[in-house]
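Spelled out, the chains give:
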Amino acid sequence: MARKIEVIIDEMGEVTIETSGFKGGACAVETAKLMEAMGGTVVTEKKPEFFDKCTVAAGVKIKA
């Protein structure tokens, strides 16, 4: 599976970062700079796939 980082900004300005195709904590490493640059309050929600060793995905929501 190809690695993918998707940044979604809704009409209220809330930013959601969705990742897929990463193993272990690699998604957190790859999104850390994005989260730091955006600032605001960071809420991390790990999807069930995050704990699957074959498929890793995590969602991160940033509230400004």
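Residues numbered from 1 in each chain as written. Predicted model: local features only at pLDDT ≥ 70, side-chain atom pairs only at ≥ 80, totals over all residues. Heavy atoms only, no water.

## Quick notes on the overall build of the chain
We count it as follows: A run of DSSP states H or I qualifies as a helix once it reaches four residues; a run of E qualifies as a strand once it reaches two. Both are numbered from the N-terminal end. Only protein chains enter the area calculation, which uses a 1.4 Å probe; residues under 20% of their type maximum are buried, those over 50% are exposed, and those in between are partly exposed. In this description, contact between two residues means that some pair of their heavy atoms is separated by no more than 4.5 Å. Surface accessibility in these figures is a Shrake-Rupley result with a 1.4 Å probe; residues are shielded only by whichever protein chains are displayed.
The helix and strand tally for the chain stands at 1 helix and 4 strands. Out of the 64 residues belonging to the chain, those deemed buried represent 25%. Counting contacts in the chain only where the partners sit at least 6 residues apart, residues at least 24 apart contribute 39% of the total. As displayed, the chain has an accessible area near 4500 Å², and 56% of this comes from carbon and sulfur atoms.

## Quick look at the pairing of strand E2 (residues 15–20)
Rules: Pairing between strands requires that DSSP locate at least two bridges from one strand to the other.
Note that strand E1 (residues 4–9) and E2 share 6 bridges and pair antiparallel. The residue of E2 that forms the bridge with valine 7 is isoleucine 17. Hairpin connection of E1 to E2: 5 residues between the antiparallel strands, including glycine 13 at a positive phi of 90°.

## A closer look at helix H1 (residues 26–38)
As a reminder, the rule being used: What a helix should span is 1.5 Å times the count of its residues minus one. Bend is computed residue by residue as the angle between axes fitted to the seven residues ending at the residue and the seven residues starting at it.
The end-to-end C-alpha separation of H1 is 19 Å, in line with the 18 Å expected for 13 residues at 1.5 Å each. Along its length, H1 shows its largest kink, about 40°, at alanine 32. Within the sequence span of H1, burial applies to Cys27, Thr31 and Met35. In the stretch just after H1, glycine 39 is the one whose phi turns positive, near 65°.

## Quick notes on the confidence of the model for the chain
Test applied: The pLDDT value tells you how sure the predictor is about a given residue, anywhere from 0 up to 100.
Overall, the prediction assigns the chain a mean pLDDT of 75, with 73% of residues at 70 or greater. Least confident of the elements in the chain is strand E4 (residues 57–63), whose mean pLDDT is 56; most confident is E1, at 89.

## Some thoughts on the pattern of salt bridges
Quick reminder of the rule: One side-chain nitrogen of Lys or Arg within 4 Å of one carboxyl oxygen of Asp or Glu is enough to make a salt bridge.
According to the stated counting rule, one finds 1 salt bridge in the structure shown. Among the ionic pairs, glutamate 6 bridges to lysine 4, the shortest N-O distance being 3.9 Å. According to the relative accessible area criterion, lysine 4 is partly exposed, its value standing at 46%.

## Focus on a nonpolar patch on the surface
Selection rule: In this scheme, patches are assembled from residues that exceed 30% relative accessible area and form no salt bridge. Like charges are connected within 9 Å, while nonpolar side chains (Val, Leu, Ile, Met, Phe, Trp, Tyr) are connected within 5 Å.
A grouping of Ile5, Val7, Ile9 and Met38 is seen on the molecular surface, where their side chains present a nonpolar patch of about 330 Å² in accessible area. The dominant element in the nonpolar patch, judged by the number of residues it contributes, is E1, at 3 residues. Relative to the elements of secondary structure, valine 7 occurs in strand E1. Judged by its relative accessible area of 39%, valine 7 is partly exposed.

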